[in-house]
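In case you want the letters, here they are:
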Amino acid sequence: MSSLKDDWKTTGKSLGGAFANLGKSVIHSIDTGLDKANDWAEDDNDSKENQNVNTEKNNQAKSSVSEDWSKTGKSMGNAFSNLGKTIIKSVNTGVEKANEWAEEDNTVNNNEQDSE
């Protein structure tokens, strides 16, 4: 069984990776949107052939952005699942420690009362 410290380290790395994916997806979406806006602005002067090429590029970009967001969603879901599990493990560990301290305190108090 891994230690609580290792669990938090893994959770932190998982969250960091998920937020890195989020940032990349946002940037990729913005980049794709700017390309599409640029294509739209230049659309009046484009030949049919160039418009078809731009349409194909846009379709590929949409697919790529969709894949990015899908990957981001999965990594965010996994990261927050790890976070929840690690929080629960931390709480359980804290409760166990509190119970141990309470039992030790009761033992000390009982011994003190017995010696009086």
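My aim in this report is to walk through the structure given alongside it, one point at a time. Please read all numbers here as calculations on a predicted model, not as lab measurements.

This brings us to helix α1 (residues 4-41). With 38 residues, α1 extends 55 Å from end C-alpha to end C-alpha; this agrees with the ideal 56 Å at 1.5 Å per step. Of the positions making up α1, those classed as buried are Asp7, Thr11, Ser14, Leu15, Ala18, Asn21, Ser25, Thr32 and Asp39.

On to a nonpolar patch on the surface. A surface patch of nonpolar side chains, about 470 Å² in accessible area, is lined by Val26, Ile27, Ile30, Leu34 and Trp69. Among the elements that take part in the nonpolar patch, α1 stands out by supplying four residues, more than any other. Mapped onto the fold, Val26 is located in helix α1. Take Val26: its relative accessible area is 34%, and that puts it in the partly exposed class.

Side-chain pairs of opposite charge can arise where the charged atoms are in close proximity. All told, the structure shown has two salt bridges when counted by the stated rule. Taking the shortest distance from any N to any O, the salt bridge between Asp7 and Lys89 comes out at 2.6 Å. Remark: Lys89 occurs in helix α2 (residues 48-115) and Asp7 occurs in helix α1; sequence separation between them is 82 residues. According to the relative accessible area criterion, Asp7 is buried, its value standing at 15%.

In this section: the packing of aromatic side chains. Counted under the stated rule, the structure contains one aromatic pair. Seen from their ring centres, Phe19 and Phe80 are 6.3 Å apart, and the 85° between their planes marks the pair as edge-to-face. Here Phe80 lies in helix α2 and Phe19 lies in helix α1, a separation of 61 residues in the sequence.

Here we come to the side chain of Asn21. Note that Asn21 resides in helix α1. Engagement of the side chain of Asn21 in a polar contact is seen with the side chain of Ser75, the distance being 3.1 Å.

Rules and cut-offs
- Residues numbered from 1 in each chain as written.
- Predicted model: local features only at pLDDT ≥ 70, side-chain atom pairs only at ≥ 80, totals over all residues.
- Heavy atoms only, no water.
- Helix = DSSP H or I, 4+ residues; strand = E, 2+ residues; numbered from the N terminus.
- Expected span 1.5 Å × (residues − 1).
- Buried < 20%, exposed > 50% of the residue type's maximum accessible area, 1.4 Å probe, protein only.
- Patch = residues over 30% accessible without salt bridge, like charges linked within 9 Å, V, L, I, M, F, W, Y side chains within 5 Å.
- Areas by Shrake-Rupley, 256 points an atom, 1.4 Å probe, with all protein chains shown as cover.
- Salt bridge = Lys/Arg side-chain N within 4 Å of Asp/Glu carboxyl O.
- Phe/Tyr/Trp six-rings, centres within 6.5 Å; stacked < 30°, edge-to-face > 60°.
- Polar contact = N/O pair within 3.5 Å; in protein donor to acceptor, adjacent residues only side chain to side chain.

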